[in-house]
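Below, each chain spelled out in residue letters.
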Amino acid sequence: MNGFEQLGLSGATLAALADKGFTEPTPIQARTIPLLLNGETDIVGQAMTGTGKTAAFGLPIIERAVQGAGHVQALILTPTRELAIQVAEEIASLRGGKRVNVLPVYGGQSIHLQLGGLRRGADIVVGTPGRVLDHLQRGTLRLDRISFFVLDEADEMCNMGFVDDVRAIFEQAGPERRTLLFSATMPHEVLRIATEFMGEYEVVSVRPERDETPLTRQIFHEVPARDRFEALCRVIDAEPEFYGLVFCRTRMETDRIAEWLVERGHPAEPIHGDLSQARREEILAKFRKRRVNILVATDVAARGIDVPDLTHVVNFALPQNPEVYVHRVGRTGRAGKNGVALTLISPQEYRKLMHMASSLRLEIKKQPLPCVTDVIRAKKARILSEMDAVLATKPQVAYQEMALELLNTQDPELLLAAVLQRAFGAELDPRGYREVGNPRSTHDVGTARRGGSSSDRVVFKAAVGRQHGMTARKFVDYICQHAHIRPFKVQNVRIGGRQSTFTVPESDGEAVFRSLNKSTRDGRPLISRG
C-alpha cells in the first residue's frame, strides 16, 4: 500500500500525520481520500469500526476548509455525545498548523459554552442530532453554506431513532454540500437514507479479504445462565492483562455486574445513559488511563468509546442483532493489535448465536471455559511477574535489614510464603471459585448469580474501616481466614471510615457471627447484625 503522500494531501497535513505516527493509510482512507479531494460526488462508505473512518473524511474536510471563512463549512452528525467528542478531538489533532476551528455540540454540556464557540466562529461542527436541531431552531447555527454534510455511524443513527431529526437537519443544509455517509453495516434503513438525502453517490466498501488473518479472535463459552457471572470472572482472571469492555443488555444489569466485579477485586465501572455527562467523562478518563481496566457498558453508552489497545470485548448478554455484534466486536483488534471478542451464552442461545455468525459470514469458535487450575496458574504467573518487577528496583535498606533478621530466625520457605500471603491474600485459593455446571445437563434459564447459594443473605456491620487500615481485600481475607468460608460468599462489602458492612448467605450467618466475634483480642464483638 502506498503512503499518505500518494493520496494528494498537502505537505502540512502530511506533517501532522507524521507527528501522530501515521505513515500508511488504512484501506478505507486510501480509497476515500482521493475521491473527496478530486471528485464532486457523494460517498457512502462502509468499513468495520476502528478502521480509520474519521480520518477518511476528516482529512479532506481539513484540506478543503478555508481559514477565516466566517461560516460553518462542515457538519458531522454522530449518534452519541461520546462519539461527537471523540470525532472532534480526532479532527482537531489532524489540523497541523491550519487555523480551522472544530466545535463539538451535544446534550449534557452547557449550551452557553457552545453558543460562545459558535459566536467566535466554528468552521467544523461535530454534534448529536438533538443538540444540532436545538441550535438550528435558536438560529445560532446556520448550514446554508456548508460544503460537507457527514453522517457518521449511520446504522446506529437509524437504530436509535434519529431518522426524523436527520431529515429535519437536512432540510436546512445548503444545496451545494457534498453528503458523506459512513457506516459499519448497511441495513435497509441506511440505504433508504442514502436514496432520500443524497444525489448520485459512489459506494466505497472495505471488507477483510478471505485470506487475511483477522486481528480479532472470536470465540464463545457455553455455560448455564445461572453461572454466567462466575464464567466472566474466570475469563478475566485467566488473562494476564485484561483490559476490555463487558456488554450488558440493560442499565440495571451494568450497575449490578460492575458492583459484583468490584466485590471480586476487579477495578470496574459501569457506563450507561442514566449517568450525567460529567460522570461519564470521568469514568472514560479513568478507563483510558487504566485506573479502571473493565468497563461494563450498554450498547448506547459504548458507541463513542474508542480505545485502540483493548484486549477483550465480552458479550455478557448476547446482542439483539448481527449489526450490534459487529459494532461491539469492532472495538478490539484495532490499530494493528490483536484482540479477543468473547460471547457468553446459555444452551438456549446457541442457535441464535450460530444464526448471527452465519448471517455475518463469521467463524465464532466454541472453546471450553478456563478451569480453576488454569486460572490459578495464570494468577501465579502474574504474581511472579509482579515480583520480578519489584526485584528490578532496589529494595529499601530498611526492608533488607529486616529480611536478614527474619532469615536468621525463620524457615525461608515458610517466610516467603507468609509474605506472599500477606501481599496477595486469597488470590491463589481455588475455593474462591465455585463449580460451573454442565450447560448440556441443565435447563436453568434464570439470571446470573454471584455466590454459591441463591438463598437470602445476612447483613453484618463490622467495627473496623479505613481508619484501621482496612481495604476490601484485607477485609474479605480476614473474614475467610477466621470464619473458614470461601471468598465468593462474602459480598456487598462496603468499607467506611470506622465501620464496614458485608453480607454472607443465611446458611453461613451464625457460623460467621460466632467465629469473628470469638477472634477479637479484647473480647468486644467485632461484628453485629445489620
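Time to look at the overall build of the protein chain. A tally of regular secondary structure across the protein chain gives 20 helices and 18 strands. On the principal axes, the C-alpha backbone points of the protein chain span a range of 85 × 60 × 50 Å. Counting the 530 residues in the protein chain, one finds 49% classified as buried. The long-range fraction of contacts in the protein chain, counting pairs at least 24 apart against all pairs at least 6 apart in sequence, stands at 76%. Taking the average location of the 70 positive side-chain charges in the protein chain and that of its 64 negative ones, the two points are 5 Å from each other.

Glancing now at the sheet that holds strand S17 (residues 500-505). A sheet is described by the order of its strands in space; here four strands give the open sequence S16-S17-S15-S18, paired in antiparallel fashion. Edge strands, defined here as strands with exactly one partner in the open sheet, are strand S16 (491-495) and strand S18 (527-529). Here the strands of the sheet are splayed against their neighbours by 25° on average, with no regard to which way each runs. Strands strand S15 (457-462), S16 and S17 of the sheet are contacted by helix H19 (residues 472-483), whose axis makes an angle of about 125° with S16. Relative to S17, helix H20 (residues 506-518) is tilted by about 135°, and along the sheet it contacts S15, S17 and S18.

As a further point, take a nonpolar patch on the surface. Among the surface-exposed residues, Leu191, Tyr201 and Val203 lie close enough to one another that they form a single nonpolar patch of about 240 Å² accessible area. For leucine 191, the position within the fold is in helix H9 (residues 188-197).

With six of its eight residues buried, helix H14 (residues 322-329) lies for the most part within the structure. Every buried residue of H14 is listed here: Val324, Tyr325, Val326, His327, Arg328 and Val329. For H14, the N-terminal cap is asparagine 321; the gap from its side-chain oxygen to the backbone nitrogen of valine 324 is 2.9 Å.

This part is about the pairing of strand S6 (residues 178-183). Most of S6 is tucked away: six of the six residues are buried. The two faces of S6 match: Arg178, Leu180 and Phe182 on one face and Thr179, Leu181 and Ser183 on the other face are all buried. Here four bridges tie strand S1 (residues 42-46) to S6, and the two strands are oriented parallel to one another. Note on S6: the bridge partner recorded for isoleucine 43 is leucine 180. Of the pairings in the sheet, the one linking strand S5 (residues 148-151) to S6 comprises four bridges and is parallel in character. Across the sheet, residue valine 150 finds its bridge partner in S6, namely leucine 180.

Moving on to the nonpolar core. In this structure, Phe57, Ile76 and Ile124 are the most contacted members of the largest nonpolar core, which totals 35 residues. Elements that contribute at least two residues to this core include exactly helix H2 (27-38), helix H3 (53-64), strand S2 (74-77), helix H4 (81-93), strand S4 (124-127), S5 and S6. Sorting elements by how many residues they give to this core places H3 first, with six residues. In this structure isoleucine 124 touches Ile61, Ala74, Ile76, Ile91, Val100, Asn101, Val102 and Leu103, once residues within four positions along its chain are discounted. Counting 31 residues, the second largest nonpolar core, distinct from the first, contains Val72, Leu77, Phe149 and Ala194.

The seven strands lie next to each other as S10-S11-S9-S12-S13-S8-S14, forming an open sheet whose pairing is parallel. The open sheet terminates on both sides in strands that have one partner only, identified here as strand S10 (268-271) and strand S14 (365-366). Bridging between strand S9 (residues 244-247) and strand S12 (residues 312-315) involves four bridges; their strand directions are parallel. When the sheet's bridge partners are listed, valine 246 is paired in S12 with valine 314. Across the sheet, helix H11 (residues 251-263) touches S10 and strand S11 (294-297), and the angle it forms with S10 is around 175°.

Under the definition given, this model contains nine aromatic pairs. Ring geometry for tyrosine 243 against phenylalanine 287: centres 4.8 Å apart, planes inclined by 35°, an arrangement best described as tilted. In this pair, tyrosine 243 sits in the loop between helix H10 (228-237) and S9 while phenylalanine 287 sits in helix H12 (residues 277-288), placing the two residues 44 residues apart along the sequence. By relative accessible area, phenylalanine 287 is classed as buried at 0%. Members of the aromatic cluster, each reached through a chain of ring pairs, are Phe460, Phe475, Phe502 and Phe513.

With that settled, consider the pattern of salt bridges. One pass over the full model with this rule turns up 21 salt bridges. Taking the shortest distance from any N to any O, the salt bridge between arginine 494 and glutamate 259 comes out at 3.0 Å. Note that arginine 494 is positioned in strand S16 and glutamate 259 in helix H11, a separation of 235 residues in sequence. Relative accessible area serves as the criterion here: at 29%, glutamate 259 is assigned to the partly exposed category.

Taken as a whole, the protein chain shows an average pLDDT of 84; of its residues, 92% reach a score of 70 or greater. Across residues 209-213, confidence stays below pLDDT 50; counting only partners more than four residues off in sequence or on other chains, it has one contact. Residue range residues 441-447 is modelled with pLDDT below 50. Its contacts to residues more than four positions away, or to other chains, number 11 contacts.

Turning our attention to H19. Under the 1.5 Å per step criterion, the end-to-end length of H19 is 16 Å for 12 residues, consistent within 8% with the ideal 16 Å. Residues of H19 that are buried: Phe475, Val476, Ile479, Cys480 and Ala483. Looking down the long axis of H19, one finds its buried residues gathered within 125° of arc, a one-sided arrangement. Lining the buried residues of H19 we find S15, S16, S17 and H20.

What counts, and where the lines are drawn
- Residues numbered from 1 in each chain as written.
- Predicted model: local features only at pLDDT ≥ 70, side-chain atom pairs only at ≥ 80, totals over all residues.
- Heavy atoms only, no water.
- Helix = DSSP H or I, 4+ residues; strand = E, 2+ residues; numbered from the N terminus.
- Buried < 20%, exposed > 50% of the residue type's maximum accessible area, 1.4 Å probe, protein only.
- Contact = heavy atoms within 4.5 Å.
- Lys, Arg positive; Asp, Glu negative; His and termini not counted.
- Charge placed at Lys NZ, Arg CZ, Asp CG, Glu CD.
- Pairing = 2+ DSSP bridges.
- Axes fitted to C-alpha atoms, helices over the stretch in contact; angles between N-to-C directions.
- Patch = residues over 30% accessible without salt bridge, like charges linked within 9 Å, V, L, I, M, F, W, Y side chains within 5 Å.
- Areas by Shrake-Rupley, 256 points an atom, 1.4 Å probe, with all protein chains shown as cover.
- Salt bridge = Lys/Arg side-chain N within 4 Å of Asp/Glu carboxyl O.
- Polar contact = N/O pair within 3.5 Å; in protein donor to acceptor, adjacent residues only side chain to side chain.
- Core = buried A, V, L, I, M, F, W, Y, C linked by side-chain atoms within 4.5 Å.
- Phe/Tyr/Trp six-rings, centres within 6.5 Å; stacked < 30°, edge-to-face > 60°.
- pLDDT = per-residue confidence, 0-100.
- Expected span 1.5 Å × (residues − 1).
- Arc of directions from axis to C-beta.

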